[in-house]
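Geometric and topological summary
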Amino acid sequence: MLEVSVPVVISAEKGLNVPRKTSMRGVMEGRKKPVEIVEGSPVECARVGLGALLPVSNKKNCHFASDARALAGMLHERGLLQ
């Protein structure tokens, strides 16, 4: 669980959910390892407020950033990053 304040940018690598094939040795080693059971704690305030609904624009407005610094600058210009 990750706790952040909004606005936030979250990214993931391509192929993040592609399953990998395990070797027979890995399967055998995995059988010997103990299973750790972790108790979860309930989230006190698991609500998200919705301020307004706006229609989606069909115009494709796509911008590419060359690096993280350029992305942060673009987000700052639009008031999405402080």
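Everything below is about the structure shown above.
Read on for a plain summary of the structure.

**Brief notes about the overall build of the chain**
If you tally the helices and strands in the chain, you get two helices and zero strands. When each of the 82 residues of the chain is scored for burial, the buried share is 1%. Here the chain displays about 9400 Å² of accessible surface, and carbon together with sulfur accounts for 57% of that area.

**Here's the deal with a nonpolar patch on the surface**
A cluster of nonpolar side chains, Leu2, Val4, Val6, Val8 and Ile10, forms an exposed patch at the surface whose accessible area comes to about 560 Å². In this fold, Val4 is placed in the segment before α1 (24-32).

**A few points about the pattern of salt bridges**
Applying the stated rule across the entire model yields one salt bridge. Between Glu29 and Arg25 there is a salt bridge, and its shortest N-O distance comes to 3.2 Å. Of the two residues, Glu29 and Arg25 both sit in helix α1, four residues apart, roughly one turn of that helix.

Conventions we followed
- Residues numbered from 1 in each chain as written.
- Predicted model: local features only at pLDDT ≥ 70, side-chain atom pairs only at ≥ 80, totals over all residues.
- Heavy atoms only, no water.
- Helix = DSSP H or I, 4+ residues; strand = E, 2+ residues; numbered from the N terminus.
- Buried < 20%, exposed > 50% of the residue type's maximum accessible area, 1.4 Å probe, protein only.
- Areas by Shrake-Rupley, 256 points an atom, 1.4 Å probe, with all protein chains shown as cover.
- Patch = residues over 30% accessible without salt bridge, like charges linked within 9 Å, V, L, I, M, F, W, Y side chains within 5 Å.
- Salt bridge = Lys/Arg side-chain N within 4 Å of Asp/Glu carboxyl O.

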